[in-house]
Structure formats: C-alpha cells, structure tokens
Amino acid sequence: MPKLINNGVLEENVWQTISEPTDVASLPEGKVLLPLAFVQANIDEITISKDNLGIIILPADAAEDSAPLLDKVSVVAFEFQNFMDGRGFSQARIVREELGFEGEVRATGQFIRDQLLYLKRCGFNAFEFGDESVDVEAALASLSDFTEYYQAGVDEPKPLYQRR
Amino acid sequence: MYVYDQHDAKILSERVAQFRGQTERFLAGELKEEQFLPLRLQNGLYVQRLAPMLRINVPYGMMNSTQLRRLAHIARHYDKGYCHISTRQNVQFNWPDLAEVPDILAELAEVGMHATQSSGNCIRNTTSDQFAGIASDESVDPRPYCEMIRQWSSFHPEFAFLPRKFKIAVTGADADRAAIRVHDIGLRVKKNDAGEVGFQVFVGGGLGRTPVIGQEICDFLPENDLLTYLEAIIRVYNLNGNRQNKYKARIKILVRALGIDTFKEKVTAQWQRMKDSYTKVPGEEIDRLKGFFTTPAYESLSETDSTQAIASFAEDNTAFKKWMDRNTQQHKVAGYSAVTLSLKPTGVAPGDITDSQLEAIADLADKYSFGEVRTTHEQNIVLADVKTADLPELWQALKDNGFATPNIGMLTDMICCPGGDFCSLANAKSIPIAEDIQRTFDDWDYLYDLGPIDLNLSGCMNACGHHHVGNIGILGVDKKGKEFYQVQLGGQAGNDASLGKVLGPAFTREEIPEVIKTILDIYVNQRTEEEHFVDTYQRIGLEPFKERVYAKAN
Ligand code: HEM
Ligand code: SF4
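Residues numbered from 1 in each chain as written. Chains lettered and ligands numbered in written order. Predicted model: local features only at pLDDT ≥ 70, side-chain atom pairs only at ≥ 80, totals over all residues. Heavy atoms only, no water.

So, the site of ligand 1
Residues and elements named next belong to chain B.
Here is step 1 of the chain: If you check the shell around ligand 1, you find 25 residues, and the closest are Thr 87, Gln 92, Lys 165, Lys 167 and Cys 464.
Here is step 2 of the chain: Between ligand 1 and the protein, one listed contact pairs an oxygen atom with a backbone N or O atom of Leu 207 at 3.2 Å.
Here is step 3 of the chain: For the shell around ligand 1, the per-class residue count stands at 9 nonpolar, 10 polar and 6 charged. (Near = heavy atom within 4 Å. Polar contact = N/O pair within 3.5 Å; in protein donor to acceptor, adjacent residues only side chain to side chain. Nonpolar A, V, L, I, M, F, W, Y, C, P; charged D, E, K, R; others polar.)

Structure follows, in structure tokens:
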C-alpha cells in the first residue's frame, strides 16, 4: 500500500479511495473515501460510521457544500488533478477556517513535494502522493523548507508582526 | 525605506536554500522540467531566446545604494555587465547561468533583495508611484501599505498556483503615476471626510492580449481591512478563474464574464466570512510600518533662496535649464527637488544600465539623495530628495555618466519591451524601432514644442511595453514570417486610463519613422494652444490621422 505522510510522519494508508461508486450497497468494508457528490446524494442511506467515512472534494466542487457532512466524516480529501491547479489550497482553507473542520485534511493526486509546506499552511495534515515514484521519505524534508512565515495560515494563525 | 530585520533575513535565506535544493534536484534529473518550471518562475527565472532571464524585485521601486552596488557586482560577475529596468519597476538580468542563479539569489539576499514571485502565476511585486512620499499632489504615502502587501503576499501559501499572474499597484496621489487601472488590482489610498485612511479599489484591469481598464469594486475600504479584502478577491479568483485556457485566465476575464456586480457580490460574501480573521491588520502594525517611511533628515531651506541660488547658472546655461524643466520635479519639501535620470539616451536599449552606471548612481544617491533611489515604470531612475541648490553640480555628474538626456515625458522617453532581440515570444524586434525613432526625432526644439507624449512599444500582443496605453502605441506583428508594426493612438495610463485605437494596417520597420512624423504633423497643425497630444486626439478623433497617414502611404 502506498505510503502516506500523516501529521509529519510516514504511515500506511488504510483508506480506500472509491472514485466512482455505483451505489451504497456495493461499497466495501473498512475506511472509505467517497466523492462529495455521492455522499451528498446518498447521505440518508449511508450508514458508515464517522471513523470509517471520508469525502473527496474535486477541484470544481464548491467546498462549502461539504458543510452539512463535516460532522459525519473523519477525513476530507482534496484531489489534485494537476499540480498547477491551486484551487485545493483555497478549498482546504474554507473547510478548515470557515467551516471549522478539525479532522484529517488530505491532499491526494498530482501535487508535488515542493508544495507540501504551502499545503500544510492551508490546513492539510495528510499527503497521499498519486505519483508512486515519489521518494516520500525525502519529500518529508520539504515540510520544513521554511520555519517562519509572514502571513496568517491554518498552522500558524498569527502573522509575523505579532512575533517581531 | 523598509529595513529587513532578522525575521525577514531568515525567511529569505530559507528561500535561497529551498531554491538551491530545487535547482540541484532539477539538474540531477530528479525534478521534472514541467515541475521545475513554476518553481523557477517564482524565483524570477525565465528561459529565453538566448539565455535565462532573471527578474529581481524592487519592492514598489525603492532601492538603497548598497543594493545598487550589489546589482552592479552581479551584472559584472554573473552577467554581461548590464541589466534592465522593467516596466514594473523591477530589474532584469538577461544572461545569467542557471547553475549560478542560487548564488546570485544568495548575494541578493545579503542586501535584502530577492526574486520571489517576480514571475509565475502568483502575486507579483507590488508597484507604486515613483514620487511616493515626496509628491505635492499626494494625500497619503502609499509605501507603508505597499510593504504591508509585500509581506502578506510573499510566500502566501494559498496563492502560489493561481490561474495566472496577479499584479497589484498602489498610488496615493491625485495624478496616477502607477497605472493602477491596468493592474489586476489597483489601489488608491486616500482620506475620507472624517480624516480616516482607506482605499478605492479597482479590479480586473490588465494589458496583454485582451486589454481592459479596471473597474471600481469598492470606493472606500478602511485601511485595516485591506489585506482581508485582497484575500477575498484573490480567493474568489483562485476558485473561479479559467484554468483551461491561459489566455482567458486573468482576473479581468472573470470580472468581465461575471459582470462587476456579480463579481462584487461574490467577493463581499467571501469577505464577510474572513474580515475579522487574523489577517485583519491592527492600527499598531500600520503605525509600525509607517515608521519605516519617515521623512529623511531634510534641512530646513527656503524655496526662494534655493531657486535663486541656481537662477544665474540656469540663465547662462540653456542646456541646464532644459534639463531642469524636463527631468526635475517639484518636491513637497521646500528647497528640494526630485530628479529623474533618463535611461533613454539614443542608441541604448530603453531601460538598460551598465554595472559602472549603477555604481555611479549609488555614489550620487549617497552624496545627494540620502542614499536611496527609485525605479519608475517608465524605465528610468529617480533621485527623490535632492537639494535644489545642488542641481547644477548633480547635472554635471549626470551628464558625465550619460543620465542627463533631457527627455523625461517626451516622445523619446519611450517605454519599450526587450522584443525580438531577447524574447522568445516576440513577433518582432522593438529596441531597434525605438532607436530609429530616437534618431529621427533628434531636434530638441521640435521635441519640446511637441510637449509630453507617451510612446510605448511592444514586440508582441503580450504588451510588456504597455503599447495599449501609450498616446502612440506600436505593436510588433508577424505577417507571413515578416516583422510589421501596428500603430495605435490615444491610449493613456493615468487617471483617465484608456486604450488606444488601431490606426489601420501595419507598417514595415522602415515606414515607422515617417508614419510617426505624419501623426505628429497633424497634431501640430490641429492643436490649440496648451493642448497636449492626447487632448487633440480626443477632440479630433482617429479619422484625420488615418486619412493622412494612409493617403501618404498610398
Ligand atoms: C524577455 C522575457 C519576457 C517574457 C517571456 C515576457 C512574457 C510576458 C507575457 C507572456 C505577458 C502576458 C501575460 C498575460 O497577459 O497574462 C507579459 C506581460 C507583461 N510583461 Fe512581460 N515578458 C518579458 C519581459 C518583460 C520585460 C522586460 C518587461 C518590462 C520591461 C515586462 C513587463 C510586462 C508587463 C508590464 C506586462 C503586462 C502585464 C499585464 O498584462 O497586465 N515583461 N509578459
Ligand atoms: S511584449 Fe512580447 S516581445 Fe515584448 S517582452 Fe513581452 S512577450 Fe516579449
């Protein structure tokens, strides 16, 4: 199973991503990440416990739409389809800062190592590289490229001037 | 001027180390070309026709003499002995070696300079009025706010992968010298009737392929709310901007597609949710930033005494008088003047400057202007705080170094992009056209009689040379592999920002000087006393110009 960076350490990824679920009955056992639209449409039938349920928000989704679901899931994953598409950075801040989600916020797909720190600052705490060739251990180092920041972020809400 | 403390220095050195690592990974084949691309761009590095181009930020155009000397050193040791002042007040090197760029950045970091976010799809260097803080028509000094934006936008984690680049300009004066209406966000800082400071905010301006004049989105935004409001605008843009087609990706296209009212509704809704976040700037921080832009130790001088002191010199010396009329500017402090050094002598690419010239400017800045200079978006350099009584002496020194061409604001003080000589996107050369025009119009009496005219030149529709907002704009176009030039008339960049109109079919390089001559003849014949070129154009319209130019051509 591919490695995952979770809160700064390497872990096995115990979640299954179901990108195109057909119906609730055929969902597998265990921890599953399901598309936001699917969970929205089937919320009354889904009986998966909070510990085992996560949603996947796509770049074109409105992150605010996840609001009614956030107390029913323990992971919100944002899928990066192309690392140049930075919508996930704003979407994660909305989920973290505006909707107050405190569980795992995961980046999946085609982001790159050099984005890890900015992703973390936007509220991501888990990283699942879509590219299997990434040296995840080496990538960890990029999380500490900077130790000081000018502006408020999810990880450090106080701007630098409050520490000067 | 803002002074880096240990925090700024630390962030910068961490950035240099980060980019050094990225460059090494790229050179070792560990980082793919397309992945390295945005990383190098956000460190100022383009790959160009002949070599990489490195763009160094000059935050809102302010530099000190130490920084100038460091640029001179870099030009000498890592480049071919010169650099270039850009139309967004930055400095560009045309010939650095990719493997040496981390060393260059480390040298810059030592003097508090960097190339962070000077290109790429992120928030770029904030630009401003080159006369900020000294202009007599200014109500609020924009620089503390520029610095506030610089710090907030530098390494902003959310906005490093926007749909497209994002440029902000700020002015605090009545006359807009920062071209705020052709920026993604343009800010005018002002005071309301109660004496409170706030911003008039314009959004969705820009040049490039689809030139658009920015529209007002807010008429008075309290100063404490500036950053949260910018964050709201850019978040709406980040989430909704076009990501399929890079030619439709700028915020101007989004604003136009939604309409300013709908766009404003979205921004307001977003802002309501974040306006009281940690990003809201308290008054104490604004005061702290203001503390960096205090007035230098001006002597208390009398304006009349100062003017009298140089009056006789000016009387005996018409060249000096002409230079003073064109290249110096009134200062809000009695007995002081702002001096613009022309980087537009005939035969030099507009905005180019050599290593030894940079050092000469550093020395002059130390001697005459509190050790500081400013770059202008017209690609010149300003010594902002010169004692008026020192002008004769300074003029001599400027002449010796090639900076005293008395053409500021005149036809030959052109804005010009690097064009086909350097740029891989070019349709046509631009620097040689600028030179043709300078050589054709070499009669000073004629130029002065013409009065102020902005002539702007770009080598392709990306419009780096701002041709849309030149009173006369020249655009290089490609027709079946040959270079041609389209002429536009009537553009303006300031308060009455407007886009030029195309005169008609494009011309060859050889035809251009004659075409410009004809256009100027019509102006001279039709103008009323006191009318500048644009005024006459606005009164009589494009037709008379078109008729004569093409009648002649046929
Ligand atoms: C030589 C390498 C250069 C390249 C490859 C380049 C590329 C571009 C491109 C592609 C655009 C259009 C962007 C858009 O519409 O989104 C642009 C715009 C611009 N560039 Fe350059 N440029 C170069 C040099 C310069 C220089 C030397 C200057 C200043 C003298 C400059 C200043 C600008 C400005 C002011 C704009 C207009 C911004 C706007 O559209 O609002 N560029 N450039
Ligand atoms: S206007 Fe075109 S030719 Fe000129 S620098 Fe910009 S991209 Fe290059």
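Some points on the sheet that holds strand S3 (residues 62–64) of chain B
All names here are of chain B.
Here is step 1 of the chain: Strand order in the open sheet formed by 5 strands is S3-S14-S15-S12-S11, with antiparallel pairing between adjacent strands. The open sheet has two edge strands with one neighbour each: S3 and strand S11 (328–330). Going from strand to strand, the sheet's axes swing by 35 degrees on average, the running direction of each strand aside.
Here is step 2 of the chain: Of the strands in this sheet, S3 and strand S14 (372–375) touch helix H3 (residues 65–78), which is tilted by about 85 degrees from S3.
Here is step 3 of the chain: Of the strands in this sheet, S11, strand S12 (336–341) and strand S15 (381–387) touch helix H13 (residues 391–401), which is tilted by about 10 degrees from S12. (Pairing = 2+ DSSP bridges. Helix = DSSP H or I, 4+ residues; strand = E, 2+ residues; numbered from the N terminus. Axes fitted to C-alpha atoms, helices over the stretch in contact; angles between N-to-C directions. Contact = heavy atoms within 4.5 Å.)

Remarks on the interface of chain B and chain A
Here is step 1 of the chain: With 44 residues of chain B in contact, the opposing surface of chain A contributes 35 residues.
Here is step 2 of the chain: Buried surface at the junction of chain B and chain A, summed over both partners, amounts to about 3,600 Å²; 56% is from carbon and sulfur atoms.
Here is step 3 of the chain: When the buried surface of chain B facing chain A is broken down by residue, Pro 157, Phe 161 and Tyr 278 of chain B rank first, second and third, together holding 20% of it.
Here is step 4 of the chain: Listing elements by their share of the side of chain B that touches chain A, those giving two or more residues are helix H1 (6–27), helix H2 (33–41), helix H5 (143–153), helix H6 (226–240), helix H8 (260–274) and helix H9 (283–290) of chain B. (Buried area = accessible area lost by both parts, 1.4 Å probe.)

So, the layout of surface pockets
All names here are of chain B.
Here is step 1 of the chain: Taken as a whole, the second largest pocket spans an internal volume of roughly 1,100 Å³.
Here is step 2 of the chain: Lining the second largest pocket we find 39 residues, and of these Arg 177, Glu 378, Gly 409, Pro 452 and Asp 454 sit closest to its centre.
Here is step 3 of the chain: Contributing elements (two or more residues each) for the lining of the second largest pocket: helix H11 (318–327), S11, strand S17 (455–458) and helix H17 (533–540). (1 Å grid on protein atoms, 1.4 Å probe; cavity = no way out; pocket = protein on both sides within 12 Å on 5 of 7 lines; lining within 4 Å. Points joined across faces, edges and corners; volume = space filled by probe spheres on them.)

Quick look at the confidence of the model for chain B
Detailed reading of the predicted model is not advised wherever pLDDT is low.
Here is step 1 of the chain: Looking at chain B as a whole, the pLDDT averages 94, with 99% of positions reaching at least 70.
Here is step 2 of the chain: In the predicted assembly, ipTM is 0.97 and pTM is 0.93. (pLDDT = per-residue confidence, 0-100.)

Topic: the coordination of the iron atom of ligand 1
Ideal geometry at a metal centre: 109.5 degrees between donors when four sit tetrahedrally, and 90 or 180 degrees when six sit octahedrally.
Here is step 1 of the chain: The sole protein-derived ligand of the iron atom of ligand 1 is Cys 464 of chain B (SG), positioned 2.1 Å away.
Here is step 2 of the chain: Along the chain, Cys 464 of chain B turns up in the loop between S17 and strand S18 (472–479). (Donors = N, O, S within 2.8 Å, 3.2 Å for Na, K, Ca; no water.)

Considering empty space enclosed by the protein
Here is step 1 of the chain: With the rule as written, the count across this model stands at 8 cavities of 30 Å³ or more.
Here is step 2 of the chain: The volume enclosed by the largest cavity comes to roughly 170 Å³.
Here is step 3 of the chain: For the largest cavity, the lining is made up of 13 residues, of which Asp 114 and Tyr 118 of chain A together with Arg 15, Gln 18 and Leu 39 of chain B are closest to its centre.
Here is step 4 of the chain: Those elements that place two or more of their residues in the lining of the largest cavity are helix H3 (116–121) of chain A together with H1 and H2 of chain B.
Here is step 5 of the chain: In terms of residue count, the dominant contributor to the lining of the largest cavity is H1 of chain B (3 residues).
Here is step 6 of the chain: Partitioning the lining of the largest cavity into residue classes produces 7 nonpolar, 4 polar and 2 charged.
Here is step 7 of the chain: Considering only enclosed or pocket space, the second largest cavity measures out at about 140 Å³ in volume.
Here is step 8 of the chain: Counting residues per element, the ones that place at least two in the lining of the second largest cavity are H5 and H9 of chain B.

Let's talk about the domain arrangement of chain B
Here is step 1 of the chain: What the domain assignment lists for chain B is domain 1 (6–110), domain 2 (142–289), domain 3 (303–400) and domain 4 (415–553).
Here is step 2 of the chain: Relative to domain 3 of chain B, the C-alpha centre of domain 2 of chain B lies at a distance of 34 Å. (Domains from an automatic or database assignment.)

Focus on the nonpolar core
Here is step 1 of the chain: Val 91, Phe 93, Trp 323, Val 339, Ile 353, Leu 383 and Leu 398 of chain B are the most contacted members of the largest nonpolar core, which totals 55 residues.
Here is step 2 of the chain: Looking at this core, you find at least three residues from each of domain 1 (6–110) and domain 3 (303–400) of chain B.
Here is step 3 of the chain: Leave out the neighbours within four places in its chain, and Trp 323 of chain B touches Thr 328, Val 339, Leu 391, Trp 395, Leu 398, Ala 404 and Pro 406 of chain B.
Here is step 4 of the chain: Counting residues in each nonpolar core, the second largest holds 49 residues, with Ile 5, Val 39, Phe 127 and Ala 139 of chain A among its members. (Core = buried A, V, L, I, M, F, W, Y, C linked by side-chain atoms within 4.5 Å. Buried < 20%, exposed > 50% of the residue type's maximum accessible area, 1.4 Å probe, protein only.)

Re the pattern of salt bridges
Here is step 1 of the chain: Evaluated as defined, the whole model comprises 45 salt bridges over all chains.
Here is step 2 of the chain: Of the charged contacts in the structure, one is a salt bridge between Arg 93 of chain A and Glu 158 of chain B, with a shortest N-O distance of 3.2 Å. Of this pair, Arg 93 of chain A sits in helix H2 (residues 87–98) while Glu 158 of chain B sits in the loop between H5 and strand S7 (168–171), which puts the two residues in different chains.
Here is step 3 of the chain: Judged by its relative accessible area of 2%, Arg 93 of chain A falls in the buried class.
Here is step 4 of the chain: Of the residues examined, Glu 158 of chain B reaches a relative accessible area of 1% and is grouped as buried.
Here is step 5 of the chain: Notably, a salt bridge pairs Asp 355 of chain B with Arg 76 of chain B, separated by 2.9 Å at the nearest N-O pair. On the criterion of sequence distance, the pair formed by Asp 355 of chain B in helix H12 (residues 355–368) and Arg 76 of chain B in helix H3 is long-range, its members being 279 residues apart.
Here is step 6 of the chain: What makes Asp 355 of chain B buried here is its relative accessible area of 13%.
Here is step 7 of the chain: Residue Arg 76 of chain B is classed as partly exposed on the basis of its relative accessible area of 37%.
Here is step 8 of the chain: Several salt bridges share partner residues, and in doing so they unite Arg 93, Glu 97 and Glu 98 of chain A together with Glu 158, Arg 235 and Arg 273 of chain B into one network. (Salt bridge = Lys/Arg side-chain N within 4 Å of Asp/Glu carboxyl O.)

Re the pairing of strand S6 (residues 75–80) of chain A
All names here are of chain A.
Here is step 1 of the chain: With 5 of 6 residues buried, S6 lies mostly within the body of the structure.
Here is step 2 of the chain: Here strand S5 (residues 53–57) runs beside S6; their pairing, made up of 4 bridges, is parallel. Within S6, the residue paired with Ile 56 across the bridge is Ala 77.
Here is step 3 of the chain: Where S6 lies against strand S7 (residues 104–109), 6 bridges are found, and the strand directions are parallel.

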